[in-house]
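Notes for the structure review
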Amino acid sequence: MSDLKTSLNAIKDKNFGYFFDKDKCYIYHTKFGKERGIEIEENNEGFKFVNLNNANYENIQEDLKILENYKKFIKDFKDKNFKFLKDIFDEYKNFIYICNNINFVILKGAFEEYLRYYRDKDTIHIKFDKNTIDSKIGIKDKFNEIKEFDENNSQEWVKNFKKFWKKENIHSAQQRANASNLLNKKNPKELHADLVKISKVNSLKDLLNLDITGMKASARELAYLLNFENNNFPLVNDAMAKTAEYIFEMLNKNSNNKLKSIKENSNIQNNEQAYFDFVLKELDVKRTDNLPKYYILDQFLNLIDKIKKSDLALITKDKLQGGDEKYINNITESVYYKLYKAAYDFANLCGKADIKSNDLEGFKKLLKTHKNIIFHGIPGTGKTYTIVNNVKNIIKNENQMLITQFHPSFSYEDFIEGIKPAGIENGQLKLELKNGIFREFCDKAKEEEKGFLEKLEKGNFNEALSDHGYFFIADEINRAELSRVFGELLYALEYRGEKGKIKTQYASMRNDEDFYVPENVFFLGTMNDLDKSIDSFDLALRRRFIWQEMECDYDVIRDEIYANNIEEYAQACQKLNDKIKDIGEKYQLGHSYFLKIEFKNDKIKDSDMKKLFSNRFEALLKEYLRSEYNEKEIQTHLDNLKKLFVIEKNDDKNK
């Protein structure tokens, strides 16, 4: 393997990554993550692919040509011997984008089928209801009623416009912050002048060049709605534009060259316009009925954007809404499910659903191979919240989950079994052998173990997990004296089922009865890396668990806070953590701390951030740093961090 490692290290490509697992070697594209890597081996002739698993093409029905070309490519691919690893990686990149295009074909077909059933209804991320469409079509007439400006009655005019905006609810939740800027124009003449500009927009080029200060996103949305019936251009907000760009990137290996080519061969000058036109052409929706083509595109992009933040299992737990009712008891066969499954698969091509994320499918994938897991990381990353929510979305019965918080006085007697008081009898304290919480939990799980194993044998892992899986969650696991708490349980944790039988400390009081941890028990723990009691987690116990790190998720900050400068705030949060990392990586702050920001008028100011720093961060960071720095050094670090935690102005960015 040393020669192979030398060859791997010689590849100077930022997109190239590799790792070893026992005697196997895997290479992967860093953009798409380890989950989409491939297994390779070295032989006398050079290097060869061993395992490929990147695309699901079972649902392709109409485009048989793509399927046949794919199968031929796979065969040629696996038969090849490569002299240089760089050749493997270059070929592998071609393979990835073929897979991505196949996934898009599946998604496109599922969307086409969806339109047959749901072209006049709303589902969780797609809105085609007739009332929804009619309300958008009617906005132009209502807008024209208040567009004429009366200088003598300007305040009344502004009042009517605000009433129109609020009543029609034409702005999305994502645009709430931006909309407020439009509504808060202090000068009625200025507001009217902006509205006149908006009303004159009738092409995508006009829209992208729209010069409206401080409310561009809301102006674009209003312009789009005024053009809704004429079907002139798609909804252009940050989410839609980023999703269109994402699809463009996923389908084009040389995306920069493709973008340049599109611009050179057309009148398109703006990247956003190129992305939208490309996706519309690739989607090629035939069943438009009475739906505007750009609105169909908007809803398609909305699906891809929102599905990234959703759990597929949660979505499909909802009852189907008309047209597809025969599938209520067999949801995986429904048009509804197939679309959302295809959208989920496509939206996660960049490894967003790998085992490090908190999505439900990734969590289940982790459980498939590991039953003892510790989720660790800096404080404030939502470790407990994520685990509990994921488990709740798996189990059918609340008895299948037990959560307890470990603490310094937690003992073996609390956890497994021990002699405990059982009341007073004849004036004497009565003592009994009582089960601890984990032993009781395991006894319950044993009743379901057989059903769990039977479903596993049939390949029904998700069903086995949902019906018969039992989850013991130990929050703050490292705060207890773990060697004493677990005792001889280490063996039973490593070897599930009867093969891991042990005799507990009190077995003699149970006629030498054996104890084991059932196959259907999953032991999940959480712990903060910063906690000084982490040292109590001894090496013998560490080896029984796999470790999953959770980091600050800046997308959560973007999604949960509605402010018109949220991107700048998220960047400031990341900049602060990067600076803290220089002092000590374990001292960083999780996203839950940054969510505590308080602000007014839909805009986060530097004064709001200073207040957050002083009230929430300063004492915490001071406590963190106390063990490593003197008071003067601590204060210097804190002062520097506070100065850094500000909204970066445009002038600063250009320096």
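Refer to the preceding data block for the structure.
Quick notes on the rules
Residues numbered from 1 in each chain as written. Predicted model: local features only at pLDDT ≥ 70, side-chain atom pairs only at ≥ 80, totals over all residues. Heavy atoms only, no water. Helix = DSSP H or I, 4+ residues; strand = E, 2+ residues; numbered from the N terminus. Buried < 20%, exposed > 50% of the residue type's maximum accessible area, 1.4 Å probe, protein only. Contact = heavy atoms within 4.5 Å. Phe/Tyr/Trp six-rings, centres within 6.5 Å; stacked < 30°, edge-to-face > 60°. Lys NZ or Arg CZ within 6 Å of the ring centre and 35° of its normal. Axes fitted to C-alpha atoms, helices over the stretch in contact; angles between N-to-C directions. Parallel < 35°, antiparallel > 145°, perpendicular 65-115°, else oblique. Left-handed = near helix turned anticlockwise from the far one by under 90°. Nonpolar A, V, L, I, M, F, W, Y, C, P; charged D, E, K, R; others polar. Pairing = 2+ DSSP bridges. Polar contact = N/O pair within 3.5 Å; in protein donor to acceptor, adjacent residues only side chain to side chain. Salt bridge = Lys/Arg side-chain N within 4 Å of Asp/Glu carboxyl O. Core = buried A, V, L, I, M, F, W, Y, C linked by side-chain atoms within 4.5 Å. Patch = residues over 30% accessible without salt bridge, like charges linked within 9 Å, V, L, I, M, F, W, Y side chains within 5 Å. Areas by Shrake-Rupley, 256 points an atom, 1.4 Å probe, with all protein chains shown as cover. Lys, Arg positive; Asp, Glu negative; His and termini not counted. Charge placed at Lys NZ, Arg CZ, Asp CG, Glu CD. Disulfide = S-S within 2.5 Å.

A word on the overall build of the protein chain. Of regular secondary structure, the protein chain possesses 30 helices and eleven strands. Per-residue burial over the protein chain gives 48% buried out of 655 residues. Sequence-distant contacts in the protein chain: of pairs separated by 6 or more residues, those separated by 24 or more amount to 68%.

Once that is clear, we can look at the packing of aromatic side chains. Taken as a whole and assessed by the stated rule, the structure comprises 40 aromatic pairs. Aromatic pair Phe-111 and Tyr-114: ring centres 6.4 Å apart, planes at 10°, arrangement stacked. Placement of both Phe-111 and Tyr-114 in helix H3 (residues 85–118) is noted, with a separation of three residues, approximately one turn of the helix. Pairing Tyr-587 with Tyr-624 gives two aromatic rings, centres 5.8 Å apart and planes at 20°, and the pair type is stacked. Within this pair, whereas Tyr-587 is found in the loop between helix H26 (566–583) and helix H27 (591–594), its partner Tyr-624 is found in helix H28 (residues 606–625), the two being separated by 37 residues in sequence. A relative accessible area of 11% means that Tyr-624 is categorised as buried. Here the aromatic residues Phe-406, Phe-410, Phe-415, Phe-438, Phe-441, Tyr-470, Phe-472, Phe-486, Phe-523 and Phe-545 are joined through ring pairs into a cluster of three or more. Over the ring of Phe-522 we find Lys-371; its NZ or CZ atom is 5.9 Å from the centre of that ring. Positioned over the ring face of Tyr-516 is Lys-446, at 4.3 Å from the centre of the ring.

Let us now look at the packing of H26 against helix H29 (residues 631–644). The geometry of a pair of packed helices is captured by two quantities: the angle between their axes and the separation between those axes. It is at 9 Å that the axes of H26 and H29 come closest, and there the two elements cross at 160°. With respect to their mutual orientation, H26 and H29 come out roughly antiparallel. As for how H26 packs across H29, the hand of that crossing is right-handed. Every residue of H29 that contacts H26 at Lys-575, Leu-576, Lys-579, Ile-580 and Ile-583 is listed here: His-637, Leu-641 and Leu-644. Among the residues forming the contact of H26 with H29, the class breakdown is five nonpolar, one polar and two charged.

Our next topic: the pairing of strand E5 (residues 372–377). Counted residue by residue, E5 has six buried out of six residues, so it is predominantly covered. Because side chains alternate across E5, one face comprises the buried residues Asn-372, Ile-374 and His-376, and the other comprises Ile-373, Phe-375 and Gly-377, equally buried. Here E5 runs beside strand E10 (residues 521–528); their pairing, made up of six bridges, is parallel. For Phe-375, the partnering residue across the bridge sits in E10 and is Thr-526. Bridge analysis of E5 against strand E11 (residues 546–550) gives five bridges, and the strand direction is parallel. Its bridge partner being in E11, Gly-377 is matched across the sheet by Met-550.

Moving on, we come to the environment of Asn-237. Within the secondary structure layout, Asn-237 lies in the loop between helix H10 (216–226) and helix H11 (238–251). With 19 residues separating them along the chain, Asn-237 and Ser-218 place their C-alpha atoms 8.6 Å apart. Only 2.8 Å separates the side chain of Asn-237 from the backbone nitrogen of Met-240, close enough to count as a polar contact.

Let's shift gears to the pattern of salt bridges. Opposite charge on two side chains permits them to pair, given that their charged atoms come into close proximity. Taken as a whole and assessed by the stated rule, the structure comprises 29 salt bridges. Here Lys-499 and Glu-519 are joined by a salt bridge, their closest N and O atoms 3.2 Å apart. With Lys-499 in the loop between helix H23 (489–494) and E10 and Glu-519 in the loop between H23 and E10, this pair connects stretches of sequence that are 20 residues apart. Judged by its relative accessible area of 55%, Lys-499 is exposed. The network of salt bridges with shared partners includes Glu-417, Arg-439, Arg-510 and Glu-513.

For the rest of this paragraph, the subject is the environment of Thr-243. Structurally, the position occupied by Thr-243 is in helix H11. Expressed as a C-alpha distance, the spacing of Thr-243 and Asn-302, which sit 59 residues apart in the sequence, is 8.0 Å. What Thr-243 contacts, discounting residues up to four positions off in sequence, is Leu-301, Ile-304 and Asp-305.

Moving on, we come to the nonpolar core. Ile-88, Ile-198, Ile-247, Phe-300, Leu-301, Leu-339 and Phe-346 are the most contacted members of the largest nonpolar core, which has 102 residues in total. Among the elements that line this core, the one with the most residues is H3, at 17 residues. Sequence-distant contacts of Phe-346, defined by excluding residues within four places in its chain, comprise Asn-100, Asn-103, Phe-104, Leu-107, Tyr-246, Ile-247, Met-250 and Leu-251.

A contiguous patch of positive charge on the surface is contributed by Lys-600, Lys-603, Lys-605 and Lys-611. One can find Lys-603 in the loop between H27 and H28. Taking relative accessible area as the criterion, Lys-603 reaches 43% and is therefore assigned partly exposed.

Within helix H21 (residues 461–468), six of the eight residues are buried, leaving the element largely enclosed by the surrounding structure. Listing the buried residues of H21 in full gives Phe-461, Ala-464, Leu-465, Ser-466, Asp-467 and His-468.

Strand pairing in a sheet relies on backbone hydrogen bonds, with the paired strands running either antiparallel or parallel. One open sheet accounts for five strands, arranged E6-E9-E10-E5-E11; its pairing is parallel. Each having just a single partner strand, strand E6 (401–405) and E11 make up the two edges of the open sheet. Here the strands of the sheet are splayed against their neighbours by 20° on average, with no regard to which way each runs. Here helix H20 (residues 437–457) sits on the sheet in contact with E6, strand E9 (470–475) and E10, set at roughly 150° to E9.

By the secondary structure assignment, Lys-503 is in the loop between H23 and E10. Taking the C-alpha atoms as reference points, Lys-503 and Ala-492, separated by eleven residues in sequence, lie 10.0 Å from one another. Not counting residues up to four positions away in its chain, the partners in contact with Lys-503 are Glu-488, Asp-512 and Asp-514. Looking at Lys-503, its side chain comes within polar contact range of the main-chain oxygen of Asp-512, at 2.7 Å. A polar side-chain atom of Lys-503 sits 2.8 Å from a polar atom in the side chain of Asp-514.

Here Asp-305 lies in helix H14 (residues 293–307). Setting aside residues no more than four positions away along its own chain, Asp-305 makes contact with Ala-239 and Thr-243.

Listed in full, the buried residues belonging to helix H18 (residues 383–392) are Lys-383, Thr-386, Ile-387, Val-388, Asn-390 and Val-391. Looking at the packing, one finds that the buried side of H18 touches helix H17 (360–369), E5, E6, E9, E10 and E11.

Enumeration according to the criterion identifies zero disulfides in this entry. With no disulfide of its own, Cys-552 lies closest to Cys-573 among cysteine sulfurs, the gap being 7.2 Å. Residue Cys-552 is classed as buried on the basis of its relative accessible area, which comes to 12%.

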